[in-house]
Structure formats: structure tokens, C-alpha cells
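Read off the chains here:
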Amino acid sequence: MRSCLLLLASFASMFLIATIEAQRPDPTIGLLQRLADAPGPPGAEDAVRAIMVAELKGLSSVPLRYDGMGSVIAQEGTSGPRIMVDAHMDELGGIVRRVGPNGQLSMQMLGGWLDQALVDQRWIILGSKGPVHAVTGIRDIHVVTPAERTAVFPRESIFLDIGARTPAEAAAMGVEPGDPVVPDSPFTVMNGSDNYLGKAWDDRIGCAVLIEAMRRMAKTPHASQIFFVATTQEEIGLRGARTAANVVKPDLGLALEGGIANDQGGHAEETQAHLGGGPGIFLYDSSAIPNRKLVRFVRDTAKTQNIPLQLDLVQGYGDDSAEMQESGTGAPTLNIVTPVRYTHAHNGIVNRGDFDKTVDLMVALLTRLDQKTVDAIRDFTPAQ
Ligand SMILES: [Zn+2]
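Residues numbered from 1 in each chain as written. Predicted model: local features only at pLDDT ≥ 70, side-chain atom pairs only at ≥ 80, totals over all residues. Heavy atoms only, no water.

*Asks:* So what's going on with the coordination of the zinc ion? Residues and values would help.
*Replies:* Each protein donor to the zinc ion is listed here as His-88 (NE2), Asp-202 (OD), Glu-257 (OE) and Glu-257 (OE); together their distances run 1.9 to 2.5 Å. Viewed at the metal, the four donor atoms of the zinc ion are separated by angles of 54 to 145°, and the geometry they form is irregular. Looking at Glu-257, the relative accessible area reads 4%, which means it is buried. (Donors = N, O, S within 2.8 Å, 3.2 Å for Na, K, Ca; no water. Tetrahedral: all angles 85-135°; square planar, octahedral: opposite > 155°, others 65-115°. Buried < 20%, exposed > 50% of the residue type's maximum accessible area, 1.4 Å probe, protein only.)

So this is what it looks like as C-alpha cells:
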């Protein structure tokens, strides 16, 4: 009887532990949510930088460093080839350009926006008194001409409405020219699925992969010094990666980015990746052609680890690998991506399985990149 009671008690406690485990929030979802929701247009990445510093400083072998443009440089290991792993902190956004006589604001866009993505959207202005809610309105159906019903409105015609009636009211809200503007688009787990909806997956998904890869590499033997670098101002010309690479002086560079999913009706020649298909690598984009030996190394590693790998070529796409590639006397680089649906817009979607597999791929690559492997990838001597 007594042993029966004991057994019952232990079953009950096991059930309790299982229930608590099931209810415990998933820390990875929490990290992705904090990164996606943080406001960080080019040049105003402060909120994202605060998250990156908090996550990376306890993992770094040496104190964190910064370049002169605000990039964060963490380091795992202090000897061996210099591997730079890069993700950019900034997102598409804008800057308040001018406060008009009626209290409306014109906006300078930052990064590659489509004009059609700008109307009827909520935005947050990072004003001097805190966040200010704004909306880019839309012409009212009841008054537009037939031609306007199907027209795309150019960005010059679009204004931020903050509910102010005069410049004085806008000033009282803490808004002035030069204030940063970001999409207002909170993170959501999509209907119990493993797809996550949010803004700024380009490149907060890369920032999250970088953090998780560093967390795992801190406990994994490796024969290199790995610089985990969160850069600034990528969306306006890869600017932070250039200055960060000057600090790191990489022997080899891997950029972590959002890829372009094409499973929603696009043309097959544009891009081939799809959500849920695993990480991808870029064999071409308009900023860089990757090192071919490095491509082979990554493909072989993915194959031996049974990690699915999507191959892509995307025109009209630039990434930080281009700046690492041209730094110093040149370095082999590659752009490694987690697919994103609807980049450069208020609402993007990423897949959790793709994220997890991208981290697995990074850990496998960084574990294998020793001096001999890096030397072989960097060797351009013709075969005898
Ligand atoms: Zn990007």
C-alpha cells in the first residue's frame, strides 16, 4: 500500500514537471520576438544593439568591442584562423524629413522600399519624448477618380499623420526632422503553427542565428577565433560591415541573412527558396560572387550533417559578405540565409525549422573551420 502511494506520488510529480515544462515559454520564441519588435532603422540601431550586447557579452572570450559606427564585436576563442560571422542589426525604415504647416510629416525612406508598401501602414517615430504612433493614410475610396483606384501612389505623395494639427503640436509630441521611423508590426506566432509573423526579419533572423550559434560554439571545441559581429547601416549600403571588417581583419567571412522565399506565386527564375526548406546559400547576388571552394565546403558539410540546403541566385540583393570579401587583401565569403517571405515590408514570415537548421549548419561549419581548412579555401595556387 505504502509503495503504491509512493508510486502514485512520483507519477503525480512527473506529471506536474511535464505540465510545467509544457507551459514554460520557449526562450527561442522570446528571443525572436524581442529582436523583431525592437526598433532599429539604419543609424538608430540602439534598441537592437542593447539586446545583442546583453546576449553576447557573457559568451565572449574577451570584452566586447565596437567599431566607430556602432557595430558590436564578440569573440569566441583567441587563436587560429580569424572567422567573421556577420549579421546586420538595422531594418528598413525612414527619417522624419519635414513638419508641414498642417502638422503632417514628410518622410525620407531608408533602404529598399516599394512605394506600394508605404500606404495605409502604422509606424513608430522614435521621438525625443518616446515612441510616437503614426499612420501613412490612404486616399478615400469615396472620392478617388477611377484611375486612382488601381494606381500606386509615389512616396513623395505620402505623409505621416500623428494626429497633430500644427507644427507646434508635433513639437509638443517630441517630433522633429531627423527622428527615426520604423514599421509598427508586432511579432505573432501564426495560428499555432511554426511560422512567425513580424517586421524586420531582414536581418533580425540573422541576429538570432548569430546569438544561438555563439551560445553553442562557446561549449563546442573549435580550432579558430570566431568573431560574432552585429553590424549597422547595411540597408543603406553595407556601411557597418565595412568598418567592422577593418577591425576584425577576417581570413574568412560568413554573412547571416534573410533569404527570399518564392513559394507565393513568383517567377521561378527570380529565386528558388521556399519556407520550411531549410537554410540556403547564395551562389550569386548583385553585391558578391562567393568563393567557390567555400561553397563546396558548405555544401559538403550540410550533406554529411543531413541538413537540407537551398541554393539560390538573386538579382537586386546586396549583403554584408561583399564588404568582408573586399576587406584587407580579400577574404573568401558566403551569404548564408534563413528564408523569409515578404522581406522589406511591414509583415514578413519565417519558419522555426529553418531557423533551427540554420543554427545547426553554422555550428557544423564553425566546428570544422580549422587552419588547414581555411588555408585550403584561401589557396589559389593552380593544381600541378
Ligand atoms: Zn539584410
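Picking up after the structure, the text goes on.
*Asks:* Hey, could you go over the sheet that holds strand E7 (residues 130-136) for me, with residue numbers and the actual values?
*Replies:* Pairing is antiparallel in the closed barrel, where six strands are placed in the order E4-E5-E8-E7-E6-E9. Adjacent strand axes in the sheet meet at a mean angle of 45° when their direction is disregarded. Summarising the sheet, strand E5 (residues 105-110) and strand E8 (residues 159-161) pair through two bridges and their orientation is antiparallel. Paired with Ser-106 across the strands is Phe-159, a residue of E8. (Pairing = 2+ DSSP bridges. Helix = DSSP H or I, 4+ residues; strand = E, 2+ residues; numbered from the N terminus. Axes fitted to C-alpha atoms, helices over the stretch in contact; angles between N-to-C directions.)

*Asks:* Run through empty space enclosed by the protein, naming residues and quoting values.
*Replies:* Counted by the stated rule, this structure contains three cavities of 30 Å³ or more. In this structure, the largest cavity occupies an estimated 100 Å³ of space. Along the wall of the largest cavity there are 14 residues; nearest its centre are Lys-199, Ala-200, Trp-201, His-344 and Ala-345. Within the lining of the largest cavity, the residues separate by chemical class into seven nonpolar, four polar and three charged. Partitioned by chemical class, the residues of the lining of the second largest cavity number six nonpolar, three polar and two charged. (1 Å grid on protein atoms, 1.4 Å probe; cavity = no way out; pocket = protein on both sides within 12 Å on 5 of 7 lines; lining within 4 Å. Points joined across faces, edges and corners; volume = space filled by probe spheres on them. Nonpolar A, V, L, I, M, F, W, Y, C, P; charged D, E, K, R; others polar.)

*Asks:* Please give an account of the environment of Ile-307 that cites residues and values.
*Replies:* Looking at the element boundaries, Ile-307 is found in the loop between helix H7 (292-304) and strand E15 (310-314). Sequence separation between Ile-307 and Asp-360 is 53 residues; the distance between their C-alpha atoms is 7.8 Å. For Ile-307, the contacting residues outside a window of four places in its chain are Pro-279, Ala-302, Lys-357, Asp-360 and Leu-361. (Contact = heavy atoms within 4.5 Å.)

*Asks:* Please provide a residue-by-residue account of the sheet that holds strand E1 (residues 65-66), values included.
*Replies:* Pairing is mixed in the open sheet, where eight strands are placed in the order E1-E2-E12-E3-E13-E16-E14-E15. Of all the strands in the sheet, just E1 and E15 have a single pairing partner and so form its edges. Here five bridges tie strand E14 (residues 280-285) to E15, and the two strands are oriented parallel to one another. What sits directly across from Gly-280, in E15, is Gln-310. Sheet contacts for helix H3 (residues 46-56): E1, strand E2 (72-76) and strand E12 (225-231); angle to E2, the most-contacted strand, approximately 15°.

*Asks:* Break down the domain arrangement of the protein chain for me, with residues and values.
*Replies:* We note that the domain assignment places domain 1 (27-91 + 199-378) and domain 2 (94-183) within the protein chain. On a C-alpha basis, the centres of domain 1 and domain 2 stand 32 Å from each other. Counting residues at the interface gives 12 residues for domain 1 and 13 residues for domain 2. Taken together, the two surfaces of domain 1 and domain 2 that pack against each other cover about 990 Å², and 71% of this comes from carbon and sulfur. Interface area lost by domain 1 to domain 2 is led by Pro-41, His-344 and His-346, which between them contribute 51%. (Domains from an automatic or database assignment. Buried area = accessible area lost by both parts, 1.4 Å probe.)

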